Amino acid sequence: MTDPDPIGALFVESFNLDLAALHSAARVALPSSGNHPDMLELQDDEGIFLSFVPADASPEMVAIAYRLYGQGLNHGVRAGEAAAWAKLRHLIGAASTGDTI
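All residue numbers refer to position in the chain's written sequence, counted from 1. For this predicted model, a pLDDT threshold of at least 70 governs which residues receive local features, and a threshold of 80 or more governs which side-chain atom pairs are given and counted, while totals over whole chains, interfaces and linings are taken from all residues. Values shown for side chains rest on all heavy atoms present in the structure; no hydrogens or waters enter the calculation.

J.: Sorry if this is basic, but what is going on with the overall build of the protein chain here?
T.: Secondary structure elements follow DSSP: runs of H or I of four or more residues count as helices, runs of E of two or more count as strands, with numbering from the N terminus. Within the protein chain, the secondary structure is distributed over 2 helices and 3 strands. When the elements of the protein chain are put in sequence order from the N terminus, they spell out α-β-β-β-α. Partly exposed describes any residue whose relative accessible area lies between the buried limit of under 20% and the exposed limit of over 50%, with all areas from a 1.4 Å probe on protein chains only and scaled to the type maximum. Counting over 101 residues, the protein chain shows a buried share of 21%. Any two residues whose heavy atoms approach within 4.5 Å are treated as being in contact. Across the protein chain, every contact between residues at least 6 apart in sequence was considered, and the portion connecting residues at least 24 apart equals 27%. Surface accessibility in these figures is a Shrake-Rupley result with a 1.4 Å probe; residues are shielded only by whichever protein chains are displayed. A total accessible area of about 7400 Å² is found for the protein chain, and carbon and sulfur atoms account for 62% of it.

Following this line, the structure appears as C-alpha cells:
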C-alpha cells in the first residue's frame, strides 16, 4: 500500500485553514480516487462529498461556491416544504369535504 501524498496533504491542510479564516464551513480533500489529479473534493461541514473543484481555485472562490451551494440547498428545502404543506392542506380539505357526520 502506498503512503498518501505528503505534499498534497499539506496543501489540503493549508487550503482548509484558509477556508476557516474566511469563516467558511466548506472543506476540501484530496480525491478519494486517483482519477482527478488536478481537482479537490469539495465537502460540507460533515465531510460529505459535494463536488469537485479545481485545485488551482482560490479559497475565496471555493468559499463562494460553497455559500451558493448552501443557498440553493436552502431554497430547495423551502420549496419542498411549501409543496408538502400545500399537499397536506389539499388532503385535509379533501378529507373534510368528503366525510360528513
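So, next bit.
J.: Help me out: how do you make sense of the packing of aromatic side chains in this one?
T.: When we look at a pair of aromatic rings, we describe it by the centre distance and by the angle of the planes. Classification of ring pairs rests on two measures: the distance between centres of Phe, Tyr or Trp rings, Trp counted by its six-membered ring, which must be within 6.5 Å, and the angle between planes, read as stacked under 30 degrees, edge-to-face over 60 and tilted in between. Enumeration over the complete set of coordinates arrives at 3 aromatic pairs. For the pair Tyr-66 and Tyr-69, a centre-to-centre distance of 6.0 Å together with 35 degrees between the ring planes defines the contact as tilted. Taken together, the positions of Tyr-66 and Tyr-69, both in helix α2 (residues 59–98) and 3 residues apart, correspond to about one turn of that helix. On the basis of relative accessibility, which here comes to 15%, the residue Tyr-66 falls in the buried class.

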